[in-house]
Every structure is written in structure tokens, then in C-alpha cells.
Amino acid sequence: MGARSRWLMISVGLGILLNPLNSSMISVAIARLQNVYRLDFTVVSWIIFSFYIASAIAQPVMGKASDLFGRKKIFLAGLVVSFVASLLAPLSPNFGWLIVFRIVQAIGTSMMVAVGMAIVRIHITEKQATALSVLSIFLSGAAAIGPFIGGVLIHWWDWSAIFYVNIPFVVASFLLAWRMIPEDEPPTSVALGMSFRKWLDLIDASGILLFTVGLVALLVGLLSTKSSGHVSLWHIIVGLIGLVLLLAFVRHELKTTSPFIPLRTFAKYPAMTWVNVEFMLVNVLFYSLFFGLPSYLQMVRHVSEYQTGILMLALGLCSLVASPIAGRWIDKSGPRPALLVSAVLMTFGSVWIVTLNETSPVISVCLALAAFGISNGLNNVGMQAALFKSSPKEIIGVASGLFNTSRYLGTILSSLLIGIVMGGKFSFGGFRVLGIILTVIALSLVFMSRQRRESGQLQKSNEVR
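Keep in mind the model is a prediction, meaning the values are calculated, not measured.

The subject of this paragraph is the overall build of the chain. From N to C terminus, the chain includes 21 helices and 0 strands. Taking all 465 residues of the chain together, the buried fraction comes to 53%. Long-range contacts, defined as pairs at least 24 residues apart, comprise 82% of the intrachain contacts of the chain with a sequence gap of at least 6. A total accessible area of about 20600 Å² is found for the chain, and carbon and sulfur atoms account for 68% of it.

Turning to the environment of Ala205, a few remarks are in order. Along the chain, the position of Ala205 falls in helix α13 (residues 205-228). Look at Ala205 and you get partly exposed, because its relative accessible area is 27%. Along the backbone, Ala205 and Val61 are 144 residues apart, and their C-alpha atoms lie at a distance of 9.4 Å.

So, on to the packing of aromatic side chains. For the coordinates displayed, the defined rule picks out 23 aromatic pairs. Summarising the aromatic geometry, the rings of Trp46 and Phe49 are spaced 5.1 Å apart at their centres and angled 55 degrees between planes, so their arrangement reads as tilted. Remark: Phe49 and Trp46 occur in helix α5 (residues 46-69); sequence separation between them is 3 residues, near one turn of the helix. Across this residue pair, the class does not change: Trp46 and Phe49 are buried. With 5.1 Å between their ring centres and 90 degrees between their planes, Phe286 and Tyr287 make a pair best called edge-to-face. On the accessibility criterion, Phe286 (9% relative accessible area) is buried. For Tyr287, a relative accessible area of 13% puts it in the buried group.

This next bit is on helix α7 (residues 95-123). When the terminal C-alpha atoms of α7 are compared, their 42 Å separation across 29 residues agrees well with the 42 Å that a helix rising 1.5 Å per residue should span. Sitting at the head of α7, Asn94 places a side-chain oxygen 3.1 Å from the backbone nitrogen of Gly96.

Turning our eyes to something else, we now look at the nonpolar core. Grouped together as the largest cluster of nonpolar side chains are 125 residues, with contacts concentrated most on Phe75 and Tyr296. A per-element tally of this core places helix α16 (residues 270-300) first, with 15 residues. Once residues lying within four places of it in the same chain are set aside, the contact partners of Tyr296 are Arg301, Leu356, Asn357, Val365, Phe426, Phe428 and Phe431.

Looking at the chain, pLDDT values average 83 and 90% of them are 70 or higher. When pLDDT is averaged over each element of the chain, helix α9 (residues 161-164) comes out on top at 93 and helix α11 (residues 189-192) at the bottom at 56.

In this structure, Asn276 sits in helix α16. Only 3.4 Å separates the side chain of Asn276 from the backbone nitrogen of Phe403, close enough to count as a polar contact. Separated by 2.8 Å, the side chains of Asn276 and Ser406 make a polar contact.

The next point concerns the packing of helix α18 (residues 335-355) against helix α19 (residues 365-390). Two elements in contact, α18 and α19, have axes separated by 8 Å at closest approach and are oriented at 150 degrees. It follows from the interaxial angle that α18 and α19 lie roughly antiparallel. Every pair of crossing elements has a handedness; the one defined by α18 and α19 is left-handed.

Moving on, we get to the side chain of Ser92. Here Ser92 shows up in the loop between α6 (71-88) and α7. Of the residues examined, Ser92 reaches a relative accessible area of 8% and is grouped as buried. A distance of 3.4 Å separates the side chain of Ser92 from the backbone nitrogen of Leu98, its partner in a polar contact. Residues in contact with Ser92, not counting those within four places in the same chain, are Tyr37, Trp97, Leu98 and Phe101.

The N-to-C vectors of helix α1 (residues 3-16) and helix α2 (residues 18-25) enclose an angle of 30 degrees; their axes lie 5 Å apart at closest approach. As summarised for this structure, α1 and α2 are arranged roughly parallel, according to the angle between their axes. Two secondary-structure elements touch here, α1 through Leu14, Gly15 and Ile16 and α2 through Leu18, Asn19 and Pro20. Grouping the amino acids of the contact of α1 with α2 by side-chain chemistry returns 4 nonpolar, 2 polar and no charged.

Every α-helix winds through 3.6 residues per turn, so residues three or four apart in the chain are directed the same way. Listed in full, the buried residues belonging to helix α3 (residues 30-37) are Ile30, Ala31, Leu33, Gln34 and Tyr37. When α3 is viewed along its axis, its buried side chains cluster within an angular range of 165 degrees and face the same direction. Residue Arg38 follows α3 closely and has a positive phi angle near 55 degrees.

If charged atoms from side chains of opposite charge come close, those side chains can pair. A complete count under the given rule lists 4 salt bridges for this structure. Asp158 serves as the salt-bridge partner of Arg32, at 3.0 Å between the closest nitrogen and oxygen. Remark: Asp158 occurs in the loop between α8 (128-156) and α9 and Arg32 occurs in helix α3; sequence separation between them is 126 residues. Arg32 sits in the partly exposed class, given a relative accessible area of 22%. Residue Asp158 is classed as partly exposed on the basis of its relative accessible area of 27%. Measuring nitrogen to oxygen at the nearest pair gives 3.3 Å for the salt bridge that ties Glu278 to Arg336. In this pair, Glu278 is assigned in helix α16 and Arg336 in helix α18, connecting sequence segments 58 residues apart.

Mapped onto the elements, Leu210 comes out in helix α13. Relative accessible area serves as the criterion here: at 22%, Leu210 is assigned to the partly exposed category. Here the alpha-carbon distance between Leu210 and Gly242, two residues 32 residues apart in the chain, equals 9.0 Å.

We now examine unusual backbone geometry. Glycine aside, negative phi is the norm for most residues, and most peptide bonds take the trans geometry. Even without being a glycine, Asp204 presents a positive backbone phi close to 60 degrees. Among the structural elements, Asp204 can be located in the loop between α12 (196-203) and α13. One non-glycine residue, His302, lies in the positive phi region at around 60 degrees. Note that His302 resides in the loop between α16 and α17 (305-333). Overall, His302 belongs to the exposed group, its relative accessible area being 65%.

What counts as what
Residues numbered from 1 in each chain as written. Predicted model: local features only at pLDDT ≥ 70, side-chain atom pairs only at ≥ 80, totals over all residues. Heavy atoms only, no water. Helix = DSSP H or I, 4+ residues; strand = E, 2+ residues; numbered from the N terminus. Buried < 20%, exposed > 50% of the residue type's maximum accessible area, 1.4 Å probe, protein only. Contact = heavy atoms within 4.5 Å. Areas by Shrake-Rupley, 256 points an atom, 1.4 Å probe, with all protein chains shown as cover. Phe/Tyr/Trp six-rings, centres within 6.5 Å; stacked < 30°, edge-to-face > 60°. Expected span 1.5 Å × (residues − 1). Polar contact = N/O pair within 3.5 Å; in protein donor to acceptor, adjacent residues only side chain to side chain. Core = buried A, V, L, I, M, F, W, Y, C linked by side-chain atoms within 4.5 Å. pLDDT = per-residue confidence, 0-100. Axes fitted to C-alpha atoms, helices over the stretch in contact; angles between N-to-C directions. Parallel < 35°, antiparallel > 145°, perpendicular 65-115°, else oblique. Left-handed = near helix turned anticlockwise from the far one by under 90°. Nonpolar A, V, L, I, M, F, W, Y, C, P; charged D, E, K, R; others polar. Arc of directions from axis to C-beta. Salt bridge = Lys/Arg side-chain N within 4 Å of Asp/Glu carboxyl O.

Here it is in C-alpha cells:
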């Protein structure tokens, strides 16, 4: 691999790491933001919801946009959007404006993730697998060390630092990408002749609107009820509107020719559907711990952001170490054994949370973090391998898109679960209830993994006969 290819990878890597970095750094800032804006826990949790909802929508849309208008243009535009959002977010006059800039930041960083892998695939022809694995390290490494970086920045500066820290990455990536990413080919006649109405149809603007408004309304209805402590007619109406809009979204997606989420694919390929369901549950488990544990440490055990970041480093390091080991194991034995071990580890970590009490040594949370970290490393490789195994080659692009959608749905559901369990105040009792719920989900994943393995063995024995 030549020097130019290496610099191209660095320019892309510095851009795509911003999405996982910003989604993970916020985990140690929740308590600080709650105090700064004097809000309850449920309201502050929208700082997480907004980012993941915006990312879930922006990535597929920007992927389609890059095919028409050029990947370099989308990548550089994403850097500019991220720069503006990171600069203005700390200046927000209130929490509402902070959410707005958080959404803008999610859109900007998603623009780079949507096209970064494609840029490397197209312009690096030698040792392509190595190049893609290096980009994966940028993504997984940023997510792994995000809480630690966030904790250090908040300790030595303030919560605004978790936005300002993006600026050097953005500037370096922009300068390198401007020089190293080859120019886009001229837009095709199809792109030049496309009307605004056709563009809206291509990205399924109607489906996106139904999905976004329906999901937000449902979340507002559910979370407002828990936060206020009583069920009002207004909460019921908003929640029902959200549910109706989401049902309308499903009906729309089954009929439209260019769906935002191709639900018909789920119905056509049940094996692939089950992989996505497992992946969604895995992300519910992982991100419930990822966002819940820092809040427990800071709000219940009164641990500083800095110390919380150091403790959370156990999660990231275990995940990074486990991933390459998982790759070699899965190449030899297939994904199912690794996924079964992962589910068992998540069960252990969830049970360990339930056994904690208010006088347990803080360092003991590292056992749960290590269990979830190793399981995450196994899942990063195992779920992807299971997806490839269950998806026909001709729809692998669609399957990968659905896989990412399942990831985002899992993260959104994890935030919803924490918000519903905790309500307005993060408490030790609520954290224990969260651990019980996570234990039930983890046990269901153990059962699903065993069933998949047994069905695979049965299928293999039938083939031998």
C-alpha cells in the first residue's frame, strides 16, 4: 500500500470516527448536563435519542445522495456541517438549542460514515481488506475510548469540551481529504435531470417523515408519563398518535417502490430477519449498560467524570482485544459458538449488576464492564458473519443497510428502556430493575443462540444423510 493510499485512509478515518466518538463521549456528560440545565433524567436522555434517530435517518439518505452527487462532495460537506455544529453547540442558550445542534452534528458525522467505506473500496485497490479493517479500528476504537476521553475533558475543562474536541479532527480530515480523495466523476445525466420531487421519492421522504414523527411522538408519550409520574390524557393522545403514524409507516414501506426501510426483505428472508432481531437485542443490552452505568456511578455512587471515564475504559479495551480473537475463532468454527459465549457473558454481566448494592466496591463494576466488553468484541464480528451467512449475495447491500438500522433501533430502545425505568431521577433501585430486565434479555439471547446452533447441527446431519 502506497503513501498516498495510507494518507487517504487517515483522512477518511479521522472523519468517520467522529460519529462513534460523539455518540459515546456523551455517556459521561449526562449527569453534568442534568445539573447545568436543571432538568430531570428523562428530558436529558433526549441528548441520546436525538443523535441516534438523526444518524439512523441520515446515513442511508446520504449514501443515496453520494451515488448521485459524488462521494467526495458529501464527505467534505459532512466535515463542514460537523465543524459548525461542534462550534455552536457549547454556545446553546438552552437545552432545546443543544438538541438542535446535536441533531446537526449527527447528520454531519453520518454523511462521512455513509461514504467513507465506499471511498476506500473505490480508490484503494491493493490490500483492500486490510484498509477496511483499519477503518473498522477507527470506528470501534473511537467508540471504545469515547467515555474515557469525555471523562478526562469534562474533568479538566467542562462539558463544552466534548464538542470542541471535534474541531482538530475535522480540520485535519478536511485538509487531508481535500488533497487525497480523488475528484468525483461528473454527475450523470440522470442526476442532473432529477427533479426535487423525484429526489424526495428516491429517499422516501414520506416514509422518513412518518418514521421520525411517529417515533418521536411515541417516545414523548411514553417518557412524559414516566417523568411526570401520572398518566394524563395528553400523554395518551401523543403516544397513540405516534403508534398510528408508525403503523402507517409500515403500511407505506410495504407499498412504496423505494422504501426507507425495505420491510418486504424481512418477510422474504426469515433467517436474516432473526439475525437482525438478535442484533437489535444485543444493542439494547450493550447500550443500556453503556449509558446506564456512567449515570449510576456519577449520580448514585458520586464518582467523578474522570474516574468514571477510567472505569469505562475496561469496556472498550476488552472489546478491542476480543475482536481480533473472535475473527480467528469465527473463521474456524462459524459465528454461532462465539455468539453463544457472548450471550452467556452478557447474562453474567447483567446478573452482576443485580447483585451490586450501595456499598459494593466501585471497582467491582469492572467485572460487568469486562463481560460486556468481551461480548461486544465477539458480537462485532459474530453478528456480521451471521448476517453474511443468512443473506443471499444478491441483496447483501440491502442486508447491510438493514443491519445498521437494527443497530440504531437497539440503541434507541436502550435509551427508552433506561428512561422508562428511571423516570425523572436516576436511582439505585431503578438501576437494579434495569439489571433484572437486561438479565431476561440476555437469557433470551442464550436461548436464541442455542436454538440456532441446534437447528444448524440438525440441518448439517440431514445434509449428510
